[in-house]
Amino acid sequence: MKNYIALFEENGKGGYGVVFPDFPGCISAGKTYEEAVRMAHEALSLHTEGEKKLPKPRTLEQIKKTWEDWKEWEKDGNFVVVYIALLPFTMKNKRVNIVLNEGLLARIDAVAKNRSEFITKAVEKILGINT
């Protein structure tokens, strides 16, 4: 798993904007810092989907020396540097075996017709994503 630098900046309205120096055009935002982090992961995954060759992640020192927008960011100074892991984004389902407490499984069966769909929706809600 590769980690890329993301720059988070407060947008003045209580939200956060995110840019990835290693991926021109890959931007994201969120109303809260937590949402901005989730959206940054999603943006990076979608931006790189289908790419055969990804750039090697640059260090902050390399970005300072080679990223054309660095001077503007440095001048403003209102940002934080966050490492974002490149997680695969896929719509393909994969069969897995999991172990659940019998009581929990009975509760799922009482309210859902499809266990996999129920568990998927619960995980998406907890992670704040929608596949």
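Bear in mind the structure is a predicted one, so any value in this text is a computation, not a measurement.

Caption draft 1: Just the nonpolar core, in detail. Residues F8, V18, F20, L44 and I84 are the most contacted members of the largest nonpolar core, which totals 14 residues. It is helix α1 (residues 33-48) that contributes the most residues to this core, four residues altogether. Apart from the residues lying within four places of it in its own chain, the contact partners of L44 are Y4, F20, F23, C26, I84, A85 and L86.

Caption draft 2: Molecular detail of the environment of G14. Of note, G14 is situated in the loop between β1 (3-10) and β2 (16-19). G14 sits in the partly exposed class, given a relative accessible area of 47%. Once the C-alpha coordinates of G14 and V111 are considered, the two residues, 97 residues apart in sequence, prove to be 38 Å apart.

Caption draft 3: Examining the packing of helix α4 (residues 102-111) against helix α5 (residues 115-127) more closely. At a minimum axis separation of 10 Å, α4 and α5 run at an interaxial angle of 105 degrees. Put simply, α4 runs roughly perpendicular to α5. Residues L105, I108, D109 and V111 of α4 pack against R115, F118 and I119 of α5. Per-class residue counts for the contact of α4 with α5 are five nonpolar, no polar and two charged.

Caption draft 4: Main features of the confidence of the model for the protein chain. The predicted model of the protein chain averages 88 in pLDDT, with 94% of residues at 70 or higher. Ranking the elements of the protein chain by mean pLDDT puts α5 last with 86 and helix α2 (residues 60-66) first with 95.

Caption draft 5: Fine view of α5. Here α5 is 13 residues long and its end C-alpha atoms lie 18 Å apart, about the 18 Å a rise of 1.5 Å per residue gives. You can read the cap of α5 off the contacts: a side-chain oxygen lies 3.0 Å from the backbone nitrogen of S116, and it is on N114.

Caption draft 6: View of the packing of aromatic side chains. Counting across every chain of the model gives six aromatic pairs. Aromatic pair F8 and Y33: ring centres 5.4 Å apart, planes at 50 degrees, arrangement tilted. Residue F8 is found in strand β1, and its partner Y33 is found in helix α1; the two are separated by 25 residues along the sequence. Overall, the relative accessible area of 32% leaves Y33 in the partly exposed class. Seen from their ring centres, W70 and F79 are 5.6 Å apart, and the 80 degrees between their planes marks the pair as edge-to-face. Residue W70 is classed as buried on the basis of its relative accessible area, which comes to 5%.

Definitions and limits used
Residues numbered from 1 in each chain as written. Predicted model: local features only at pLDDT ≥ 70, side-chain atom pairs only at ≥ 80, totals over all residues. Heavy atoms only, no water. Core = buried A, V, L, I, M, F, W, Y, C linked by side-chain atoms within 4.5 Å. Buried < 20%, exposed > 50% of the residue type's maximum accessible area, 1.4 Å probe, protein only. Helix = DSSP H or I, 4+ residues; strand = E, 2+ residues; numbered from the N terminus. Contact = heavy atoms within 4.5 Å. Axes fitted to C-alpha atoms, helices over the stretch in contact; angles between N-to-C directions. Parallel < 35°, antiparallel > 145°, perpendicular 65-115°, else oblique. Nonpolar A, V, L, I, M, F, W, Y, C, P; charged D, E, K, R; others polar. pLDDT = per-residue confidence, 0-100. Expected span 1.5 Å × (residues − 1). Polar contact = N/O pair within 3.5 Å; in protein donor to acceptor, adjacent residues only side chain to side chain. Phe/Tyr/Trp six-rings, centres within 6.5 Å; stacked < 30°, edge-to-face > 60°.

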